[in-house]
Amino acid sequence: MIVTVQQHILQDQKRFPGASGEFSWLLSGITLATKMVQARVRRAGLSDILGDAGDINVQGEVQQKLDVYANEALMHCLSARTSIGVLASEENEKPVIMGHRSKEANYAVVFDPLDGSSNIDVNVSVGTTFSIMRRPEGVGCDEPEKWLLQPGSKQIAAGYVCYGSSTILVYSVGNGVHGFTLDPSVGAYLLSHPNIRMPQQGKYYSVNEAYRDGFPPGYNEFIDRLRLGALGQRYASRYIGSMVADFHRTLLKGGVFLYPPTAEHPKGKLRMLYEANPIAYLVEQAGGVATDGRRRVLDLQPTAIHQRTPLIMGSTVEMAEFQRCVPHENSL
Ligand code: AHG
Ligand code: MN
Ligand code: MN
């Protein structure tokens, strides 16, 4: 049976008697924007050839960089959704308060419009990540930080789109993780990966090993133990440098992904609100584990919108070994 993402969301919302449909309308803003982004991504290498007339806008500006385009596509599509009160993006320094200030504006959406954007020039997969939170009780539209600075455990939905050999949308609303592949001939995301469960153990570790001299104690021991067979097999490595694509492989095939603290980024490089939190939410929904090297990612209290965090996530077997090598505050 063919199930579109829209059908799937509407079906899922039946869990909540009285659901108004506004949440599925909100998510349709994300699916529309990501279809626009994927259309642009697919033509990325052609912009020099086809880029003249069609790609110069009325102000005479030349074609925008793809991450700016992706940001504007998401901002535009989501701004028509009156259920959203606050938007925040990697590409905007400050959160955007939606103009309508309507009473039903109950959600905040944060996103990384184009993740791995340096990979665009060399034809490698990129992605979009998003996270949705509810407006905290009694908080008005003039305090957008309070909507956004909630621990990841408060997310009510999260997901990503990976623009790879095909375009796939993976999301969760707290009821398992589901994947939808875009059928370009009809322009619809169709359910292709229902109820994704992460394997308990995989074959790969995924980390930028060039930075290993700057990792904190225990990290290199962990990687060496995987390499040398301490978990019953010798691991191989895979590292794309697009978090979404590295995560998508880890979700489907198991294994572990690490972006540890490094000499250049002592607090890690990835952003808590729109990179680590949605990924950690999906990992846990799929039966895996995500930490910052000390604590569960979803328990971290953010203090700034663009705050960074280390992120180590993966299958239960590798993550148990990681916690033996790098002791955590609580065992997870
Ligand atoms: P973005 O393109 O949104 O700035 O994110 C890039 C990130 C992430 O996708 C990836 O995991 C990481 O940068 C790779 O960083 P290194 O090149 O330091 O390994
Ligand atoms: Mn990113
Ligand atoms: Mn980005």
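Chemist: Break down the site of ligand 1 for me, with residues and values.
Modeler: Around ligand 1, the surrounding shell holds 16 residues, and the nearest of these are Asp115, Asn208, Tyr211, Tyr239 and Tyr259. A distance of 2.8 Å separates an oxygen atom of ligand 1 from a polar backbone atom of Gly116. Within the side chain of Tyr211, a nitrogen or oxygen atom sits 2.8 Å from an oxygen atom of ligand 1. When ligand 1 is considered free in solution it has 480 Å² of accessible area, and contact with the protein chains removes 81% of it. If you tally residues by element for the shell around ligand 1, the top one is strand 3 (residues 107-115), at three residues. Taken together, the residues that form the shell around ligand 1 break down as six nonpolar, five polar and five charged. Mapping the shell around ligand 1 onto the domain boundaries places at least three of its residues in each of domain 1 (5-193) and domain 2 (204-325).

Chemist: Any chance you could break down the sheet that holds strand 13 (residues 311-314) for me, citing the residues and the numbers?
Modeler: Judged by pairing direction, the sheet is mixed, and its five strands sit side by side in the order 10-9-11-13-12 without closing on themselves. Two strands close off the open sheet at either side, each with one partner strand: strand 10 (236-237) and strand 12 (289-291). As paired elements, strand 11 (residues 256-259) and strand 13 share four bridges and run antiparallel to each other. Bridge pairing in strand 13 places Tyr259 opposite Leu311. Across the sheet, helix 8 (residues 272-285) touches strand 12 and strand 13, and the angle it forms with strand 13 is around 20°.

Chemist: Report on the coordination of the manganese ion (ligand 2), specifying residues and quantitative values.
Modeler: The coordination sphere of the manganese ion (ligand 2) contains the protein donors Asp112 (OD), Asp115 (OD) and Glu275 (OE), at a distance range of 1.9 to 2.2 Å. In the primary structure, the donors to the manganese ion (ligand 2) are separated according to the pattern D-x2-D-x159-E.

Chemist: Describe the packing of aromatic side chains, listing the residues and the values that go with them.
Modeler: Per the stated rule, a full pass over the model turns up eight aromatic pairs. Consider the rings of Tyr160 and Phe247, whose centres lie 5.6 Å apart with planes at 75°: the pair is edge-to-face. Residue Tyr160 is found in strand 5 (residues 155-163), and its partner Phe247 is found in helix 7 (residues 243-253); the two are separated by 87 residues along the sequence. Among the residues examined, Tyr160 registers a relative accessible area of 0% and is labelled buried.

Chemist: I'd like a description of the domain arrangement of the chain, backed by residues and values.
Modeler: Domain annotation for the chain reports domain 1 (5-193) and domain 2 (204-325). Placing a centre on the C-alpha atoms of domain 1 and another on those of domain 2 gives a separation of 24 Å. Contact between domain 1 and domain 2 buries roughly 2600 Å² in total, counting both sides, with carbon and sulfur atoms accounting for 64%. Remark: the boundary between domain 1 and domain 2 carries zero salt bridges. Applying the counting rule to domain 1 against domain 2 returns 15 residue pairs in polar contact (both at pLDDT 80 or more). Breaking the side of domain 1 that touches domain 2 down by element, the ones donating at least two residues are strand 1 (84-89), strand 3, strand 4 (126-134), helix 5 (144-148), strand 5 and strand 6 (167-172). Take the side of domain 1 that touches domain 2: its biggest share by element is eight residues, from strand 5. Taken together, the residues of the side of domain 1 that touches domain 2 break down into 21 nonpolar, 19 polar and five charged.

Chemist: Can you explain the sheet that holds strand 8 (residues 188-193)? Please cite residues and give values.
Modeler: For sheets, the rule is that strands pair by backbone hydrogen bonds, running either parallel or antiparallel. What the eight strands build is an open sheet, ordered 2-1-3-4-5-6-7-8; its pairing is mixed. Each edge of the open sheet carries a strand with a single partner, namely strand 2 (96-97) and strand 8. Note: strand 7 (residues 178-183) against strand 8, five bridges, orientation antiparallel. Its bridge partner lying in strand 8, Leu182 is registered against Tyr189.

Chemist: Could you give an account of the packing of helix 1 (residues 5-13) against helix 2 (residues 22-42), with specific residues and numbers?
Modeler: With their axes 10 Å apart at the nearest point, helix 1 and helix 2 run at an angle of 155° to one another. In terms of axis orientation, helix 1 runs roughly antiparallel to helix 2. Crossing geometry of helix 1 relative to helix 2 is assigned as right-handed. Along the contact surface, helix 1 presents Val5, Gln6, Ile9, Leu10 and Gln13, while helix 2 presents Phe23, Ser24, Leu27, Ser28 and Thr31. The class makeup of the residues in the contact of helix 1 with helix 2 is five nonpolar, five polar and no charged.

Analysis parameters
Residues numbered from 1 in each chain as written. Chains lettered and ligands numbered in written order. Predicted model: local features only at pLDDT ≥ 70, side-chain atom pairs only at ≥ 80, totals over all residues. Heavy atoms only, no water. Near = heavy atom within 4 Å. Polar contact = N/O pair within 3.5 Å; in protein donor to acceptor, adjacent residues only side chain to side chain. Areas by Shrake-Rupley, 256 points an atom, 1.4 Å probe, with all protein chains shown as cover. Helix = DSSP H or I, 4+ residues; strand = E, 2+ residues; numbered from the N terminus. Nonpolar A, V, L, I, M, F, W, Y, C, P; charged D, E, K, R; others polar. Domains from an automatic or database assignment. Pairing = 2+ DSSP bridges. Contact = heavy atoms within 4.5 Å. Axes fitted to C-alpha atoms, helices over the stretch in contact; angles between N-to-C directions. Donors = N, O, S within 2.8 Å, 3.2 Å for Na, K, Ca; no water. Phe/Tyr/Trp six-rings, centres within 6.5 Å; stacked < 30°, edge-to-face > 60°. Buried < 20%, exposed > 50% of the residue type's maximum accessible area, 1.4 Å probe, protein only. Buried area = accessible area lost by both parts, 1.4 Å probe. Salt bridge = Lys/Arg side-chain N within 4 Å of Asp/Glu carboxyl O. Parallel < 35°, antiparallel > 145°, perpendicular 65-115°, else oblique. Left-handed = near helix turned anticlockwise from the far one by under 90°.

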